[in-house]
Structures are given as structure tokens and as C-alpha cells.
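Listed below are the residues making up each chain.
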Amino acid sequence: MGSYKLFTFYFLLLTFALFAGCATTEDVGRVQWEVSDLRSEIAKAKETNNKVQSFEDAQKAMGRGQSELLSRVESLTREVQVISGKLEERQHLSEKAVKESISGKDVIIAQLKDLETKVKELKERLTVLEAAEKERKEVAAKKTQEAKEQKTAKKEPKDLYLEAYDTYKKGKTKEARERFESLIKEHPKNEYSSKAQFWIGESYYKDKNYESAILAYEDYLRENPKDEKTPEALLRQGYSFYAIGDAKTGKVILEKLIEKFPNSSEAKMAKKKLGETTKKKR
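The sections below set out a description of the structure shown in this document. Being a predicted model, the structure only gives us computed values, none of them experimental.

Regarding helix 3 (residues 157-169)
Next up, step 1: In this model helix 3 runs 18 Å from its N-terminal to its C-terminal C-alpha over 13 residues, within 8% of the 18 Å that 1.5 Å per residue would give.
Next up, step 2: Looking one or two places after helix 3, you find Gly171, whose phi comes out positive at around 85 degrees.

Some thoughts on helix 8 (residues 247-260)
Next up, step 1: Between the first and last C-alpha of helix 8 there are 20 Å, a value that for 14 residues agrees with the 20 Å anticipated at 1.5 Å per step.
Next up, step 2: Those residues of helix 8 that fall on the buried side of the exposure criterion are Gly250, Ile253, Leu254, Leu257 and Ile258. The buried residues of helix 8 all sit within an arc of 140 degrees when viewed along its axis, so they share a single face. Facing away from the buried side of helix 8 by more than 90 degrees, the exposed set consists of Lys248, Glu259 and Lys260.

Regarding the pattern of salt bridges
Side chains bearing opposite charge may pair, as long as their charged atoms lie close to each other.
Next up, step 1: Overall, the coordinates contain twelve salt bridges when judged by the stated rule.
Next up, step 2: Asp207 is the partner of Arg177 in a salt bridge, and the nearest nitrogen-oxygen pair spans 3.3 Å. Residue Arg177 is found in helix 4 (residues 173-186), and its partner Asp207 is found in the loop between helix 5 (191-206) and helix 6 (210-223); the two are separated by 30 residues along the sequence.
Next up, step 3: Close ionic contact of Arg236 with Glu202 constitutes a salt bridge, the shortest N to O distance being 3.2 Å. Taken together, the residues span a long stretch of sequence, with Arg236 in helix 7 (residues 230-243) and Glu202 in helix 5 at a distance of 34 residues.
Next up, step 4: Residue Arg236 is classed as buried on the basis of its relative accessible area, which comes to 18%.
Next up, step 5: Look at Glu202 and you get buried, because its relative accessible area is 6%.
Next up, step 6: Sharing partners across several salt bridges, the network here consists of Lys155, Glu163, Glu175 and Arg179.

Some details on the layout of surface pockets
Next up, step 1: A volume near 220 Å³ is recorded for the second largest pocket.
Next up, step 2: In terms of lining, the second largest pocket is formed by Ile184, Pro188, Lys189, Asn190, Ser193, Ser194, Gln197, Asp219, Tyr220, Arg222, Glu223 and Asn224.
Next up, step 3: Every element with two or more residues in the lining of the second largest pocket is listed here: helix 5 and helix 6.
Next up, step 4: Broken down by element, the lining of the second largest pocket gets its largest block of residues, four residues, from helix 6.
Next up, step 5: Residues belonging to the lining of the second largest pocket are distributed by class as follows: three nonpolar, five polar and four charged.

Observations concerning the packing of helix 3 against helix 4
Next up, step 1: Running from amino to carboxyl end, helix 3 crosses helix 4 at an angle of 165 degrees, the nearest separation of the two axes being 8 Å. The orientation of helix 3 with respect to helix 4, classified from their angle, is roughly antiparallel. The chirality of how helix 3 crosses helix 4 is left-handed. Of helix 4, the residues touching helix 3 (which contributes Pro157, Leu160, Tyr161, Glu163, Ala164, Tyr165, Thr167 and Tyr168) are Thr173, Glu175, Ala176, Arg179, Phe180 and Leu183.
Next up, step 2: Partitioned by chemical class, the residues of the contact of helix 3 with helix 4 number nine nonpolar, two polar and three charged.

Focus on the packing of helix 6 against helix 7
Next up, step 1: Running from amino to carboxyl end, helix 6 crosses helix 7 at an angle of 150 degrees, the nearest separation of the two axes being 9 Å. When the axes of helix 6 and helix 7 are compared, the pair comes out roughly antiparallel. The crossing of helix 6 and helix 7 is left-handed. Seen from helix 6, the contacting residues are Tyr210, Ala213, Ile214, Tyr217, Glu218, Tyr220 and Leu221; seen from helix 7, they are Thr230, Ala233, Leu234, Arg236, Gln237, Ser240, Phe241 and Ala243.
Next up, step 2: In the contact of helix 6 with helix 7, the residues fall into ten nonpolar, three polar and two charged.

As for the environment of Asn224
Next up, step 1: Looking at where Asn224 falls in the secondary structure, it is placed in the loop between helix 6 and helix 7.
Next up, step 2: Judged by relative accessible area, Asn224 falls into the buried class, the value being 13%.
Next up, step 3: For the pair Asn224 and Gln197, spaced 27 residues apart in sequence, the C-alpha separation works out to 9.9 Å.
Next up, step 4: Sequence-distant contacts of Asn224, that is, excluding residues within four places in its chain, are made with Ser194 and Thr230.

Points about a nonpolar patch on the surface
Next up, step 1: Judged by side-chain polarity, Ile108, Leu112, Leu115 and Val119 come together as a nonpolar surface patch covering roughly 350 Å² of accessible area.
Next up, step 2: For Val119, the position within the fold is in helix 2 (residues 25-154).

Rules used in this analysis
By convention here, each chain's residues receive numbers from 1 onward along its written sequence. Only residues with pLDDT of at least 70 are given local features in this predicted model, and only at 80 or more are side-chain atom pairs given and counted; all residues enter the totals for whole chains, interfaces and linings. Based on all heavy atoms of the structure, the side-chain values leave hydrogens and waters out of the count. Secondary structure counts use DSSP, requiring at least four H or I residues in a row for a helix and at least two E residues in a row for a strand, with both numbered from the N terminus. Multiplying one less than the number of residues by 1.5 Å gives the expected span of a helix. In this scheme, a residue with accessible area under 20% of its type's maximum is buried, one over 50% is exposed, and one in between is partly exposed, where area comes from a 1.4 Å probe on protein chains only. What the arc covers is the set of directions going from the helix axis to the C-beta atoms. The rule for a salt bridge is simple: a side-chain nitrogen of Lys or Arg has to be within 4 Å of a carboxyl oxygen of Asp or Glu. The method works on a 1 Å grid over the protein atoms by themselves. A cavity is a set of points holding a 1.4 Å probe that cannot get out, a pocket is an open set with protein on both sides within 12 Å along at least five of seven lines, and residues with an atom within 4 Å of a point line them. Grid points are joined across faces, edges and corners, and a volume is the space filled by probe spheres set on the points. Classes in brief: Ala, Val, Leu, Ile, Met, Phe, Trp, Tyr, Cys and Pro nonpolar; Asp, Glu, Lys and Arg charged; the others, Gly included, polar. Lines are fitted to the C-alpha atoms to define the axes, a helix being fitted only along its stretch in contact, and any angle between axes, read from their N-to-C directions, falls within 0 to 180 degrees. For classification purposes, an angle smaller than 35 degrees is called roughly parallel, one larger than 145 roughly antiparallel, one from 65 to 115 roughly perpendicular, and anything else oblique. Note on convention: the crossing is left-handed when the near helix lies turned anticlockwise from the far helix by less than a right angle, right-handed when the turn is clockwise. When checking whether two residues touch, look at their non-hydrogen atoms; a contact exists if any pair is within 4.5 Å. Patch definition: residues above 30% relative accessible area lacking any salt bridge, with like charges linked at up to 9 Å and the nonpolar side chains Val, Leu, Ile, Met, Phe, Trp and Tyr linked at up to 5 Å. Each accessible area is a Shrake-Rupley estimate made with a 1.4 Å probe; only the visible protein chains count as cover when residues are assessed.

In C-alpha cells, the structure reads:
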């Protein structure tokens, strides 16, 4: 503002001088230079004044912005504190859960180890017991066999035969067969052993094991071609061949029976069988 007043003063002075007619060219030039310089200062002053005004406005705006920013920062700070609190709480719970989990895991591992130890001990005891039981059974079986052999050795072939035959009559074909076979083994050259061979064939025939029956009858017939049981053995053997589907061999056996024992009841039965077979073929 001082520069502006000074400019006004020189302007009035110049005007007065011009109008008074006493001013020189130099004076006019100097005054003009000073006026120009004043104008420049005035422009600078205005620019400075504008900058000051803008700075004041900016300060005011900045003040409002800072206030809002501080408010936002405080709000965010509170949110961060809340989140931090929750995070610390969860971390505490997580650490507690992990500790409890590790503790529980240790307990389970300890229990498993204890269980494995007990199972191992039980297996060892079981192995010992099984070995003892196996030994006991072997000893018992050995004693039973020895007692059986001793008992058998004391009995006569006739007694053994009657016992086996009684077992057969009771329908215990397998047990009877074992008894007959034992008799043959203990007394191979004996009349009761010969009869025992016939009943072995009969036991197989009754069980419908025709192949084994054929072989058993053959063993009997080879040793007893003219025994009282021979016709019956031939008849059963012939029937057995028919049973397995070998009618040709069965026919040959029955014809042999009729030829060697024509007056036997077994021969009549053989003729009837052959007659039935002939009718079926027709």
C-alpha cells in the first residue's frame, strides 16, 4: 500500500511539473523510470498479496483436512485396537487349544504304547499256551493210540471182527471200515481178515462210493474166489459198474456170476438185472 501512495505522489508531481512548464526532459525520463519501477513493485506486491491470500486459504483448507484426517486416524486407531484385542484373544485361544491338543496327543500315545505292550505280552502268553496245548494234545493222542494198540493187541481177530461188524450194523460205515482195515493190518492172514475185506466193499457200496467198492470187492475176490460171500461180492461189483455207467463191464461180471454160481440166489438177481437191461435196450 505504501508503494501505491508513493506512485500517486510522483504521478501528481509529474503532472504538476508538466503543467507548470518547468520540468526538463531528464526529469520527465526519471519520473517515468520511477513510475515504471513503482508499477513493477505494485505488481509484485499484488502477486505477494495473492499468494498470501492463497496460503491463508490453503492453511484453512489444510486445517479442515487435518481435522478430518485426525478424526479418521482416531477412528482407525480405535478399530485397530479392537481388532488387535480380538487377534490377541484368538491367538491365546489357539495357543491354549494347541497345548491341550499336544497334551491329549501325548496321553493317547502313552495309552497306545501301553496297549501295544499288553498285546505283546498277551501274544507271548498265548504262544506259550498254544505250545503247551499242542504238546498236551500230542501226548494225549500218543497215549490214546498206545492204549488202542495195546487193547487191539490183546483182542483176538474174531473179537475185532465182531466189534467192527457190530459197528457196521449200527450204520457207522466209516468207523466200521476203519476197524476192518485195522483188523486186516494186524492179522493179514486170517479167516476174519478175509471176511473183513468183503465188509469193506459193502461199506463203500452202502455209502454209494462205487469206484472204491469195485476195488474192495476185487481185493476180496482175488483172495477168495470160492468163499461163501463170493457170489454176493460179484453181484455187488456188477451193480457198482452199472452205477458208474459201465454197463458193458457190469454185464460181464453178472454173466460170470451166473456161470460160476448158477443155483445161487445172487445168480437169480443177476439174471433179473440183465433181463431189465435187455428190455430197456429194446
